[in-house]
Number of protein chains: 2
Amino acid sequence: MRTSKYLLSTLKETPNDAEIISHQLMLRAGMIRKLASGLYTWMPSGLRVLQKVEKIVREEINNAGAIEILMPVVQPFELWEETGRSEKMGPELLRFTDRHMRPFVLSPTAEEVVTSLVRNEINSYKQLPLNLYQIQTKFRDERRPRFGVMRAREFSMMDAYSFDLDKEGLQASYEAMHVAYCAAFDRMGLDYRPVLADTGAIGGSASHEFHVLANSGEDVIAFSTESDYAANVEMAEALAPAGEREAATQEMTMVDTPNAKTIAELVEQFNLPIEKTVKTLFVKASEEFDGELVALLVRGDHELNEIKAEKLPQVAVPFEFATEEEIRAAVGAGPGSLGPVNLSLTFIADRSVAAMSDFGAGANIDDKHYFGINWGRDVELGEVADIRTVIDGDPSPCGKGTLQLKRGIEVGHIFQLGTNYSEKMNAGVLGPDGKNTILEMGCYGIGVSRVVAAAIEQNYDDNGIIWPEALAPFTVAIVPMNMHKSERVKEAAEKLYADLTAAGIEVLFDDRKERPGVMFSDMELMGVPHTIIIGDRSMDNGVFEYKHRRDGGDKLPIEIENMVEFIKAKLA
Amino acid sequence: MRTSKYLLSTLKETPNDAEIISHQLMLRAGMIRKLASGLYTWMPSGLRVLQKVEKIVREEINNAGAIEILMPVVQPFELWEETGRSEKMGPELLRFTDRHMRPFVLSPTAEEVVTSLVRNEINSYKQLPLNLYQIQTKFRDERRPRFGVMRAREFSMMDAYSFDLDKEGLQASYEAMHVAYCAAFDRMGLDYRPVLADTGAIGGSASHEFHVLANSGEDVIAFSTESDYAANVEMAEALAPAGEREAATQEMTMVDTPNAKTIAELVEQFNLPIEKTVKTLFVKASEEFDGELVALLVRGDHELNEIKAEKLPQVAVPFEFATEEEIRAAVGAGPGSLGPVNLSLTFIADRSVAAMSDFGAGANIDDKHYFGINWGRDVELGEVADIRTVIDGDPSPCGKGTLQLKRGIEVGHIFQLGTNYSEKMNAGVLGPDGKNTILEMGCYGIGVSRVVAAAIEQNYDDNGIIWPEALAPFTVAIVPMNMHKSERVKEAAEKLYADLTAAGIEVLFDDRKERPGVMFSDMELMGVPHTIIIGDRSMDNGVFEYKHRRDGGDKLPIEIENMVEFIKAKLA
């Protein structure tokens, strides 16, 4: 492609309303343009990247044995009523009526449509397993769309749906998709992790998210330094500290702590190691328990994990902290002075708390703490559970290595739905026993347009995007210097462009009448991996100059006649 | 692809609600399934065809120098107000509001969005010419969607928009797209015609429609037997008959015709050749003329062409026939007895009528006709114009050959818009003279999903679809007979499947445990071009059997070891 016949649309300035780097760079590199809030036009070089992601995803999902179909963007509302999701989705589900006042929605996902298709088309277990997918426009009417295509309203998604006769079949379909996702993200050259995820409100039995690691990620994931183990930080198990609890060495004493309402103040004012402090948090108890309050204890340097806590039978769903008023009514002291000693409420201690000795905690009297508390001697240890969020350096629950925390951007999700949808929609087949058997479903998504943004969040520098080879809009940039004055440079550039193109390489030939600096910075901004500079000075020495986008400033002289082979070797 | 791992979804019965053959066959061959009125899911084999059409279109439009982008399906309503099209489109333009009550539409086309993009991105004539296109989902809320994907509400369309500095530039862009369309339809193996079309209400300066010829087509096109000339039948010029008008041989006589209210009755009752009769039609006159009525004369065997008539300055826009009441008020006779002799109104005669002699027409007295009328002697010939629709055998207006009429399905349209949109949306660039110059636009569409249906309307027989090679969902079908009993057949089929697949050929391997008859009829229904039959009996003779979908019942024996090369040669 010649830049003179192309629509580059690069910008020098960073647009004001772009908060994150991928959004800024996609605008500056001319990849996208905003049409309205959360609606973007993919410009030529952006679309080239989007199509590359699409192609890789399509090929790998095909390899997993899934079959591509294409379902409409417009879906009848009545299908969403069948599963009850019309309510659950809330205003993100965009509804409208057609000219005959029949209600429809813009597809945010397609479980209902595909399940309705399968219940009509499939009637015997012999037609299973079946995995149907599409790469199609989706729409979610986000309350606050932002970050460009990272959280747009209209976006491109690969969504797959597997149908099996039983749990074993579902497990096999799920694993095939897990493998396909890894193959796809590997091919894209991204640093990513499949992480165990919470199955949450949908209530399926297993779920993994696929995260592209990037400092700007909204999610935190924990993974082992020595194994494949990775989990959403909310999900990662915090093991009990190794070894026996240390023996008591201090007496328990009550201390006046009028100015220490927080752990930080306590540590600072009393020179107490934070690992020797305990936070006591009061939350609403479940009806089955007593419907009042329950206390949760975590070490001063740890954070309570609400998702883990919510799974305890004693804790109310949804999880809710007690108010100061409720706390005072229950124990007669405020939130700054709570602890397990002389506590009238049931408490549950985190595994790390259970391993502590000689520790400090509130005395359940305003402005008083106990120091030197020891389990058994001063207060009985009750129920112990994993209720904290893991931190960097914790032992990995897989048994190998320690946990490391990194930020990630969720670009994919696989989910064992079980019979959630198939039961509501009565999607079954005749099983080998001749009886109707409700289908076991899995669902699988890759945010195709989001992958483009995530790849940038992971791969950029001050000069712009640094595309992994497989995603770059163009593989090679030819930058001729003063081509419009030097016939020799022009001829050489044209010949190289023709030769590389004939070799099937995607070349962006910058034949604009621009200063070399402008051309370089545009090619760097756009992230073209390989740049070849053609100039009179180097041609005097029989060479072109070569530069890889990831390298520093150094340019490599390559003999003119070897240039095509050099590039081919680089790409091999 | 193995049928055992695929979703064939073929049907034996023709669904009741499918009126036209392509709709019936797409349902029966498992290509599409209806989700709701005018909304279809593309099933695996349908999508394969759709993607082939898309790929060919993309490649040829790229060859024309157009650049691909992707605009959102959801568009802000306010852009449609800028051009005033929000009114014109009527209820076909589906409108809705988002969660913040902002108005949007589902894109039926994208002139507004692309013009808004270009006015922001392009500021100099040096960036021209520019042609931007997309292949994207469109939605038109048809009052009565029907014929499957032929007239669906949601459909896939390639829409391109060219921007030029002047008319010459627009002409060049237009011609490049004309060439690209021909290249695309040629590659698809379709019998089609680019035809001159009416520029109608949009008012551009030139327009061609691309029609796939098929007996079921909604449009009639006229084309020369001896040149490339083709036009929508409404548009084709009807030339004046060659030679001089014949001299009068009859006296004019008034005849009682009480039972002849129509030309057919007149011809039958009075043994008059239909070419010697004239129809006189009264229509509303334009304000500029007199706002009353004007008479239009065409030969008895010809049809008045309303589009041509509407272009006469004497005729009101929109075209409207006079009521019987208005006719009686004007001439004192009813519609069955009108004619040019003794007519108090202005009349305009078709070119063919002007060439007649000794003809019959109404006497403007109920139940009376004149026979033997001759121009000049009995009545003065006034204005003459081309106001009839051409018929089969008319001389071609290009001067070569005669016109032939065929039915066609419109699958593409190219249009010189001029400055219609760019003026309203103020899309201009700095011209070479340093002044703002409004852009000259062209727009170009191909109904990608409609092409699939049109290809079937042109290519089918009693057994199903007959795909042109370039569009077939699979190129080769392997049909092994009794594979599940004969190990030899199974081994041979597996080997052939592996060999053909390795050669990059798209094979559908029917490995189902079905009777051969079921397999054959499914492969024929789906229209796979090449079928290879593997059976014990023919293998005893060292051969497989080969059959092309277009051929009759004959199967060709091909030596087993030559089969792959035979197929490769067929495809070369």
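Cut-offs and rules
- Residues numbered from 1 in each chain as written.
- Chains lettered and ligands numbered in written order.
- Predicted model: local features only at pLDDT ≥ 70, side-chain atom pairs only at ≥ 80, totals over all residues.
- Heavy atoms only, no water.
- Helix = DSSP H or I, 4+ residues; strand = E, 2+ residues; numbered from the N terminus.
- Buried < 20%, exposed > 50% of the residue type's maximum accessible area, 1.4 Å probe, protein only.
- Contact = heavy atoms within 4.5 Å.
- Phe/Tyr/Trp six-rings, centres within 6.5 Å; stacked < 30°, edge-to-face > 60°.
- Lys NZ or Arg CZ within 6 Å of the ring centre and 35° of its normal.
- Salt bridge = Lys/Arg side-chain N within 4 Å of Asp/Glu carboxyl O.
- Least-squares fit on C-alpha atoms with pLDDT ≥ 70 in both.
- Pairing = 2+ DSSP bridges.
- Axes fitted to C-alpha atoms, helices over the stretch in contact; angles between N-to-C directions.
- Polar contact = N/O pair within 3.5 Å; in protein donor to acceptor, adjacent residues only side chain to side chain.
- Parallel < 35°, antiparallel > 145°, perpendicular 65-115°, else oblique.
- Left-handed = near helix turned anticlockwise from the far one by under 90°.
- Nonpolar A, V, L, I, M, F, W, Y, C, P; charged D, E, K, R; others polar.
- pLDDT = per-residue confidence, 0-100.
- Disulfide = S-S within 2.5 Å.

Chemist: When you look at the overall build of chain A in this model, what are you seeing that I'm missing?
Modeler: For chain A, the count of helices and strands is 16 helices and 32 strands. With the C-alpha coordinates of chain A rotated into their principal frame, the extents come out at 90 × 70 × 45 Å. Counting all 572 residues of chain A, 56% fall into the buried class. In chain A, the proportion of contacts linking residues at least 24 apart, taken out of those at least 6 apart, comes to 67%.

Chemist: What exactly am I supposed to notice about the packing of aromatic side chains here?
Modeler: For any pair of aromatic rings, geometry is given as the distance between the ring centres together with the angle between the planes. All names here are of chain A. Taken as a whole and judged by the stated rule, the model has 27 aromatic pairs over all chains. The interplanar angle of 45 degrees and the centroid separation of 6.5 Å between the aromatic rings of Y174 and Y444 together place this pair among those described as tilted. Here the residue Y174 occupies a position in helix α6 (residues 167-187), and Y444 occupies one in strand β25 (residues 440-446), the gap between them amounting to 270 residues. Here Y174 and Y444 have matching classes, each one buried. Plain terms: the ring middles of Y546 and F566 are 4.8 Å apart, the flat faces sit at 75 degrees to each other, and that makes the pair edge-to-face. Taken as a pair, Y546 in strand β31 (residues 543-548) and F566 in helix α16 (residues 563-571) lie far apart in primary sequence, 20 residues in all. Take Y546 and F566: they sit in the same class, and that class is buried. Its end group placed over the ring of F223, R193 keeps NZ or CZ at 4.3 Å from the ring centre.

Chemist: Help me out: how do you make sense of the interface of chain B and chain A in this one?
Modeler: A common way to state how big an interface is: give the accessible area lost once the parts meet. Taken together, the contact between chain B and chain A spans 54 residues of the former and 54 residues of the latter. Remark: the boundary between chain B and chain A carries four salt bridges. Two residues, D98 of chain A and R153 of chain B, come together in a salt bridge whose shortest N-O distance is 2.8 Å.

Chemist: Is there a simple way to think about the relation of the copies chain B and chain A in this case?
Modeler: Taken as rigid bodies, chain B and chain A are interconverted by a rotation of 180 degrees and an axial shift of 0.0 Å, the fit giving an RMSD of 0.1 Å. The superposition operator between the copies reduces to a two-fold rotation axis. Judged by C-alpha distance, F96 of chain B is the residue of chain B that lies nearest the rotation axis, at 2.9 Å. When you check the interface residues of chain B against chain A, 100% turn up at the interface there too, and the contact is symmetric in its surfaces.

Chemist: Help me understand the pattern of salt bridges, please; the structure alone is not making it clear to me.
Modeler: Two side chains carrying opposite charge are able to pair once their charged atoms lie near each other. Residues and elements named next belong to chain A. Taken as a whole, this structure holds 86 salt bridges over all chains when the rule is applied. A salt bridge links E142 to R151; the shortest N-O distance between them is 3.9 Å. Judged by its relative accessible area of 14%, E142 is buried. In this structure R151 comes out as partly exposed when scored by relative accessible area, which is 22%. Linked through salt bridges whose partners overlap, the residues forming this network are R2, K490, E494 and D511.

Chemist: Quick question: what am I supposed to make of the pairing of β25 of chain A here?
Modeler: A regular strand places its side chains so that they alternate between the two faces of the sheet. Residue and element names in this part refer to chain A. The element β25 is extensively covered by neighbouring structure, given that seven of its seven residues are classed as buried. Covered by surrounding structure in β25 are E440, G442, Y444 and I446 together with M441, C443 and G445, the residues of both alternating faces. Looking at chain direction, strand β8 (residues 154-164) and β25 are connected through seven bridges and run antiparallel. Residue pairing for β25: M158 is matched across the bridge by I446.

Chemist: Explain the sheet that holds strand β28 (residues 476-480) of chain B here, please?
Modeler: Within a sheet, adjacent strands bond to each other through the backbone by hydrogen bonds, running parallel or antiparallel. Residues and elements named next belong to chain B. The strand order β29-β28-β30-β31-β32 describes an open sheet built from five strands, whose pairing is mixed. The strands lining the two open edges of the sheet, one partner per strand, are β29 (507-509) and β32 (556-559). Averaged over all pairs of adjacent strands, the angle between strand axes in this sheet comes to 25 degrees, irrespective of strand direction. Note: β28 against strand β30 (residues 530-534), five bridges, orientation parallel. Residue V479 lies in a different strand from β30, and its bridge partner there is I533. Across the sheet, helix α13 (residues 487-502) touches β28, β29, β30 and β31 (543-548), and the angle it forms with β28 is around 170 degrees. Contacting β28, β29, β30 and β31, helix α14 (residues 516-526) crosses the sheet at an angle of about 170 degrees to β28.

Chemist: Please explain the side chain of D350 of chain B as it appears in this structure.
Modeler: Residue and element names in this part refer to chain B. Among the structural elements, D350 can be located in strand β17 (residues 347-350). Since its relative accessible area comes to 1%, D350 is described here as buried. Here R388 takes part through its backbone nitrogen, which lies 3.4 Å from a polar atom of the side chain of D350. In contact with D350, not counting residues within four places along its chain, are L297, V298, H302, V384, A385, D386, I387 and R388.

Chemist: For this particular structure, what's the right way to read the packing of helix α2 (residues 44-63) of chain B against helix α6 (residues 167-187) of chain B?
Modeler: If you want to describe how two helices pack, look at the angle between their axes and the distance between the axes. Residues and elements named next belong to chain B. At their nearest, the axes of α2 and α6 sit 9 Å apart, and the two run at 150 degrees to each other. Relative to α6, α2 is oriented roughly antiparallel. Considering how the two elements wind past one another, α2 and α6 form a crossing that is right-handed. Between α2, through I56, E59, E60 and I61, and α6, the contact on the second element is made entirely by M177, A180, Y181, A183, A184 and R187. Its residues assigned to classes, the contact of α2 with α6 shows seven nonpolar, no polar and three charged.

Chemist: What am I meant to see in the environment of A214 of chain B here?
Modeler: All names here are of chain B. If you trace the backbone, A214 turns up in the loop between β10 (206-213) and β11 (219-224). Judged by relative accessible area, A214 falls into the buried class, the value being 7%. As for A214 and R407, which are separated by 193 residues in sequence, their C-alpha atoms are 5.7 Å apart. Those residues in contact with A214 that sit more than four places away from it in its chain are R407, G408, I409, E457 and Q458.

Chemist: Is there a simple way to explain helix α5 (residues 111-121) of chain A in this structure?
Modeler: Structurally, the α-helix is built with 3.6 residues per turn, so residues lying three or four positions apart point the same way. By the criterion of burial, α5 of chain A is predominantly enclosed, with nine of the 11 residues buried. When we look at burial in α5 of chain A, the residues that qualify are E111, E112, V113, V114, T115, S116, L117, V118 and E121 of chain A.

Chemist: Sorry if this is basic, but what is going on with unusual backbone geometry here?
Modeler: Glycine aside, residues mostly have negative phi, and peptide bonds are mostly found in the trans state. Residue and element names in this part refer to chain A. Residue P318 is bonded to the preceding V317 through a cis peptide linkage, with omega at 0 degrees. Looking at where P318 falls in the secondary structure, it is placed in the loop between α8 (306-310) and α9 (324-331). Even without being a glycine, N426 presents a positive backbone phi close to 55 degrees. Structurally, N426 can be placed in the loop between α11 (420-424) and β23 (428-430). Of note, N482 is a non-glycine position whose phi angle comes to about 55 degrees, a positive value. Here N482 is to be found in the loop between β28 (476-480) and α13 (487-502). Among the residues examined, N482 registers a relative accessible area of 45% and is labelled partly exposed.

Chemist: Even after reading the chapter, I still don't get the sheet that holds strand β30 (residues 530-534) of chain A, so can you show me in this structure?
Modeler: All names here are of chain A. Spatially, five strands are ordered β29-β28-β30-β31-β32 in an open sheet, and the strand pairing comes out mixed. At either margin of the open sheet sits one strand with a lone partner, and together these are β29 (507-509) and β32 (556-559). With strand direction ignored, the average angle separating the axes of adjacent strands in the sheet is 25 degrees. In the sheet, β31 pairs with β32 via four bridges, with the strands oriented antiparallel. Bridge pairing in β32 links V543 to E559. Packed on one face of the sheet, helix α14 (residues 516-526) meets β28, β29, β30 and β31 and runs near 170 degrees to β28.

Chemist: I keep staring at helix α1 (residues 21-28) of chain A and nothing clicks. Help me out?
Modeler: Residue and element names in this part refer to chain A. Here α1 lies mainly inside the structure; seven of its eight residues are buried. Within α1, burial applies to S22, H23, Q24, L25, M26, L27 and R28. Just downstream of α1 lies G30, where phi reads positive at about 70 degrees.

Chemist: I tried to follow the confidence of the model for chain A on my own but got confused; where do I start?
Modeler: For any part of a model where pLDDT is low, the fine detail of the predicted coordinates should not be relied upon. Overall, the predicted model of chain A reaches an average pLDDT of 95, with 99% of residues at or above 70. Of the two predicted TM-score estimates for the complex, the pTM is 0.90 and the ipTM is 0.90.

Chemist: I would appreciate a short explanation of the environment of E78 of chain A in the present structure.
Modeler: Counting through the fold element by element, E78 of chain A comes out in helix α3 (residues 77-82). C-alpha of E78 of chain A to C-alpha of V57 of chain A: the two residues are 21 residues apart in sequence and 31 Å apart in space.

Chemist: Got a minute to help me understand the state of the cysteines in this structure?
Modeler: A covalent bond between the sulfur atoms of two cysteines is referred to as a disulfide. Residue and element names in this part refer to chain A. Applying the stated criterion across every chain yields a total of zero disulfides over all chains. No disulfide involves C398; its sulfur sits 16 Å from the nearest other cysteine sulfur, which is in C182. Given the relative accessible area of 35%, C398 is considered partly exposed. Cysteine C443 is unpaired, with the sulfur of C182 as its nearest cysteine sulfur at 17 Å. The exposure class assigned to C443 is buried, which follows from its relative accessible area of 13%.

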